[in-house]
Amino acid sequence: MVSKITVKAPSSTANLGPGFDTFGLAIDAFYDKVTLTKTKKGISIITDDNIPTNPENNTAGLVVKNMKKKFKIKNGIEIQIKKGIPAGFGMGSSAGSAAATAVAFDKLFNLKLSSNQLVEFAGFGEKASAGTIHYDNVAASVLGGFVIVKTNPLNVISINSPTDLRMCVAVPKIDVPKKKTKVSRGVIPEKVKLVDSVQNLANASSIVAGFMKKDSELIGNSIQDVIVEPARQHMIPGYEKVKQNALKAGAFGVTISGAGPSVIAFSKSSFDLKKICSAMSKGFKSKNIDCQTIICKPSKGAIHQKK
Ligand code: HSE
């Protein structure tokens, strides 16, 4: 019987513009590592990172608590977390730990859960940071690549990405509010105009077509959101400049990564990606903000680390 499992899960970008709470894409920018060890009783968290260690407020803790209860597991669990994904920047940090935890728990107790079940359990972790459960980041982190989340009942559809799809992510060095996702979900309009909904629907459908046709340009050109991005962009200083600069440097489309404040530009491998990154940096610099830029591509999902 195994008593210890380590799983590594990728960062992710949610929404991809018009696909609010529906689209997710795992990206190879950062990874979280979670090790679960069977103990006699209770749930304990060990980490060197600046995250809550009370299991009730910790993404991984909530996933373990719910899975233990559901599968009537008597063992205790020690959760060791090594964060690689920066927390609070729209890179799917809580989802990365939640996904790694759900996949590790499944392996540790040989549950053989389906991907939909794993995503559902990982979703409990999102409640710790977002206040509500949304599955776009966790689905991407569990399955890897591009995912479409259908709810009621939960069904995650994944589509392989074009091999030349590349993203430039700019992570600004700014203070983010505690419970940032909750805050940034609070600024979204409850009602939307039909014309706006039609525009987002057309763009979202085109993104899906782009993945199906392995057409990075169609994906990138369709990353346009007239509902959520306009409501949130004031929370990111210099956003408009970062976006315009990236578009001028050749990006097909630019949007907020998840709930922000990171900004993500979509492009392809044959383009000058460094130029896009430096254009984005200059955009943030116009507001005296430094940023980290990363060129990335779609990542595989959460995987068991053998050693
Ligand atoms: N779809 C979610 C949101 C992702 O935009 O609020 C949060 O990471």
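Before any of the text, the structure's been laid out above.
Each value, and the rule that gives it
Residues numbered from 1 in each chain as written. Predicted model: local features only at pLDDT ≥ 70, side-chain atom pairs only at ≥ 80, totals over all residues. Heavy atoms only, no water. Phe/Tyr/Trp six-rings, centres within 6.5 Å; stacked < 30°, edge-to-face > 60°. Helix = DSSP H or I, 4+ residues; strand = E, 2+ residues; numbered from the N terminus. 1 Å grid on protein atoms, 1.4 Å probe; cavity = no way out; pocket = protein on both sides within 12 Å on 5 of 7 lines; lining within 4 Å. Points joined across faces, edges and corners; volume = space filled by probe spheres on them. Nonpolar A, V, L, I, M, F, W, Y, C, P; charged D, E, K, R; others polar. Axes fitted to C-alpha atoms, helices over the stretch in contact; angles between N-to-C directions. Parallel < 35°, antiparallel > 145°, perpendicular 65-115°, else oblique. Left-handed = near helix turned anticlockwise from the far one by under 90°. Contact = heavy atoms within 4.5 Å.

Caption draft 1: Molecular detail of the packing of aromatic side chains. According to the stated counting rule, one finds six aromatic pairs in the structure shown. Summarising the aromatic geometry, the rings of Phe23 and Phe146 are spaced 5.2 Å apart at their centres and angled 65° between planes, so their arrangement reads as edge-to-face. Of this pair, Phe23 sits in strand β2 (residues 23-39) while Phe146 sits in strand β5 (residues 146-150), and the two are 123 residues apart along the sequence. Within the aromatic cluster, the residues linked to one another by ring pairs are Phe23, Phe146 and Phe211.

Caption draft 2: Inspection of empty space enclosed by the protein at higher detail. The final tally for this structure, using the stated rule, is one cavity of 30 Å³ or more. A volume near 50 Å³ is recorded for the largest cavity. What lines the largest cavity is Asn15, Gly17, Asp225, Val228, Glu229, Arg232, Thr255, Ile256 and Gly258. For the lining of the largest cavity, the secondary-structure elements that each account for two or more residues are α8 (228-232) and β8 (253-256). For the lining of the largest cavity, the per-class residue count stands at two nonpolar, four polar and three charged.

Caption draft 3: View of the packing of helix α9 (residues 239-248) against helix α10 (residues 273-285). Following both chains from N to C, one finds α9 and α10 inclined at 155°, their axes separated by 8 Å at the closest point. With respect to α10, the element α9 is oriented roughly antiparallel. In terms of crossing hand, the pair formed by α9 and α10 is right-handed. When α9 is examined against α10, the residues Lys241, Val242, Asn245 and Ala246 are found in contact with a partner set consisting of Ile276, Ala279, Met280, Lys282, Gly283 and Phe284. Its residues placed into classes, the contact of α9 with α10 shows six nonpolar, two polar and two charged.

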